[in-house]
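Take a look at the letters that make up each chain.
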Amino acid sequence: MSLSRRDFLERAAALTAAGFVPRLPDDFGHELGHMATPAVPMPGFRGRPLVVSSSNGLKGVKVAYDKMLTGEDPLDAVIAGVNLVELDPSDQSVGLGGLPNEEGVVQLDASCMHGPTRRAGSVAAIEGIATPSLVAKAVMDYTDHVMLVGAGATKFAKAMGFKEQNLLTEQSRQDWMRWKSRLNANDAWLDHDENLKIKFTTGTINMNAVNASGDIGSVTTTSGMAWKVPGRIGDSPVIGAGQYCDNLVGAAGSTGRGEANIKTCASFLIVEFMRQGLTPEAALIKTLERVVAMTEARLLGPNGRPKFDLEFYALTKDGRYAGATLYSGGKYAVCDEQGARLVEAAYLYKRG
Ligand code: SD4
């Protein structure tokens, strides 16, 4: 987000009055950090409501934003935003209709974090429940634990009154069968669609919000990688990887290759970089650089760049935000007083 120097100084003055440590931009537009001094919010802090998500949350960010304006908690607001996508059977990367694992079973991951109470909840490899984001929140609200997985997560959800249902839509079942029939030319499965290209769907939705009081919530929900090994969980349910929020600083989340993200604890790292004074965009780019540095050789192309993509999203307590991807061309969704819109993401490498 570009901010004129005057806007910046005005905002900095307001934040200082509210107890924030002022940070000045360097020549590159980044802010100079004051590493040893965490921002301290004061009672009466006024920020601006803002919601940031992956691009598939364009409708959801508006839902979340409107809910916050009526006083709803930022975490409840973003969960309502991602529920839209979880319940949409045509989105094949989240909730109902998500592409299944290699055995044709839809296994879902989700996690959430609530800034004001410093609590978190998560479920992984849960089956038969369309809204794992709400189950993650129930883990947070009703147990002394942070993470439930597999059969235990499903059992918990049913005990909490969630409805069990078949999440494998006919479209996703057909896509799985086509993938399966192409695995081995010598097996007994006949391939009916010679020219059909099976997409390797990635999707996932991460959504983060801050309200006018500077309270923050974040959530990420996914069906993970299509055709994964049963039991595989990605970054989405891992607090600090798929999403993270700290009510003093801001929130961050990710979509894309979870295996790459987990190794850098990227969402936590982004929030830490912002705590040290980097702008959201600088924090995202620096974290993408860390991802590249941590990438194993087999996943690097001849040019030394990753063969996968990864997308990050972040916002700060005082209403700044950014999205960034490894490769150019990405977009992300934002909703604030200017309405819901897609915004071009920053990037590390120009595509092509
Ligand atoms: C995962 N990060 O399970 C998720 C997948 C994803 O876009 O984001 N796809 O690794």
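Residues numbered from 1 in each chain as written. Predicted model: local features only at pLDDT ≥ 70, side-chain atom pairs only at ≥ 80, totals over all residues. Heavy atoms only, no water.

*Asks:* Looking at this structure, how should I read the overall build of the chain?
*Replies:* The secondary structure content of the chain amounts to nine helices and 13 strands. Counting the 352 residues in the chain, one finds 55% classified as buried. Here the contacts in the chain between residues at least 6 apart in sequence split such that 62% fall between residues at least 24 apart. Looking at the chain as shown, the accessible area adds up to about 15500 Å², and 55% of this sits on carbon and sulfur atoms. (Helix = DSSP H or I, 4+ residues; strand = E, 2+ residues; numbered from the N terminus. Buried < 20%, exposed > 50% of the residue type's maximum accessible area, 1.4 Å probe, protein only. Contact = heavy atoms within 4.5 Å. Areas by Shrake-Rupley, 256 points an atom, 1.4 Å probe, with all protein chains shown as cover.)

*Asks:* Would you mind going over the pattern of salt bridges with me for this structure?
*Replies:* Opposite charge on two side chains permits them to pair, given that their charged atoms come into close proximity. Per the stated rule, a full pass over the model turns up 17 salt bridges. As a salt-bridge pair, Glu337 and Arg48 come within 3.0 Å of each other at their nearest N and O atoms. Here Glu337, found in the loop between strand E11 (331-336) and strand E12 (339-344), pairs with Arg48, found in the loop between helix H1 (5-17) and strand E1 (50-54); they are 289 residues apart in sequence, far enough to count as distant. Classification of Glu337 as exposed rests on a relative accessible area of 53%. The salt bridge involving Lys62 is made with Asp66; its shortest N-O contact spans 2.8 Å. (Salt bridge = Lys/Arg side-chain N within 4 Å of Asp/Glu carboxyl O.)

*Asks:* Teacher, can you tell me more about the pairing of strand E10 (residues 321-327) here?
*Replies:* Regular strands place their side chains on alternate faces of the sheet. For E10, the tally of buried residues reaches seven of seven residues, placing the bulk of the element in the interior. Across five bridges, strand E9 (residues 310-316) lies against E10 in antiparallel orientation. Each residue of the ladder has a partner; that of Phe312, found in E10, is Ala324. Between E9 and the antiparallel strand that follows it, E10, lie four residues; Gly319 among them carries a positive phi value of about 90 degrees. With three bridges joining them, E10 and strand E13 (residues 346-349) adopt parallel strand pairing. By the bridge assignment, Thr325 is partnered in E13 with Tyr347. (Pairing = 2+ DSSP bridges.)

*Asks:* Can you help me understand the pairing of strand E8 (residues 250-256) in this one?
*Replies:* Buried residues dominate E8, accounting for seven of its seven residues. Burial along E8 is two-sided: the residues Gly250, Ala252, Ser254 and Gly256 and Ala251, Gly253 and Thr255 are all buried. Relative to E8, strand E7 (residues 243-246) runs antiparallel, the two being bridged by four bridges. When the bridges of E8 are listed, Cys245 appears paired with Ala251. As paired elements, E8 and E9 share seven bridges and run antiparallel to each other. Counterpart to Gly253 in the pairing with E9 is Tyr313.

*Asks:* Just checking my understanding: could you explain the packing of aromatic side chains for this structure?
*Replies:* Under the defined criterion, the tally for this structure stands at four aromatic pairs. On the numbers, 5.0 Å between centres and 80 degrees between planes, the contact of Tyr244 with Phe268 is edge-to-face. Residue Tyr244 is located in strand E7, and its partner Phe268 is located in helix H8 (residues 266-275); the two are separated by 24 residues in the primary sequence. What makes Phe268 partly exposed here is its relative accessible area of 34%. Taking 6.4 Å as the distance between ring centres and 65 degrees as the angle between the ring planes, the aromatic pair formed by Tyr321 and Tyr332 counts as edge-to-face. Residue Tyr321 is located in strand E10, and its partner Tyr332 is located in strand E11; the two are separated by 11 residues in the primary sequence. Given a relative accessible area of 4%, Tyr332 falls into the buried group. Sitting above the plane of the Phe308 ring, Arg257 keeps its charged end 5.6 Å from the centroid. (Phe/Tyr/Trp six-rings, centres within 6.5 Å; stacked < 30°, edge-to-face > 60°. Lys NZ or Arg CZ within 6 Å of the ring centre and 35° of its normal.)

*Asks:* Help me understand the side chain of Asn247 in this model?
*Replies:* Along the chain, Asn247 falls in the loop between E7 and E8. Of note is the side chain of Asn247, whose polar atom sits 2.8 Å from the backbone nitrogen of Ile216. The residues touching Asn247, leaving out its near neighbours within four places in the chain, are Gly115, Pro116, Gly214, Asp215, Ile216 and Lys317. (Polar contact = N/O pair within 3.5 Å; in protein donor to acceptor, adjacent residues only side chain to side chain.)

*Asks:* Sorry if this is basic, but what is going on with the environment of Met225 here?
*Replies:* Along the chain, the position of Met225 falls in the loop between strand E6 (216-222) and E7. By relative accessible area, Met225 is classed as buried at 13%. Residues Met225 and Gly258, 33 residues apart in the sequence, show an inter-C-alpha distance of 8.4 Å.

*Asks:* Please clarify how the sheet that holds E8 should be interpreted in this entry.
*Replies:* One key point about sheets: their strands pair by backbone hydrogen bonds, in either a parallel or an antiparallel sense. The strand order E7-E8-E9-E10-E13 describes an open sheet built from five strands, whose pairing is mixed. In the strand order of this sheet, the two ends are held by E7 and E13, each with one partner. Taken over all neighbouring pairs, the strand axes of this sheet differ in orientation by 15 degrees on average, direction set aside. Along the sheet, H8 makes contact with E7, E8 and E9, crossing E8 at roughly 145 degrees. Contacting E9, E10 and E13, helix H9 (residues 280-293) crosses the sheet at an angle of about 25 degrees to E10. (Axes fitted to C-alpha atoms, helices over the stretch in contact; angles between N-to-C directions.)

*Asks:* Would you explain the packing of helix H4 (residues 132-142) against helix H5 (residues 150-159) in this entry?
*Replies:* Helix packing geometry: the angle between the two helix axes and the distance between the axes. Packing of H4 against H5 brings their axes to within 10 Å, and their N-to-C directions diverge by 85 degrees. Considered as vectors, H4 and H5 are oriented roughly perpendicular to each other. On H5, the residues that touch Val135, Ala138 and Val139 of H4 are Ala153, Phe156 and Ala157. Taken together, the residues that form the contact of H4 with H5 break down as six nonpolar, no polar and no charged. (Parallel < 35°, antiparallel > 145°, perpendicular 65-115°, else oblique. Nonpolar A, V, L, I, M, F, W, Y, C, P; charged D, E, K, R; others polar.)

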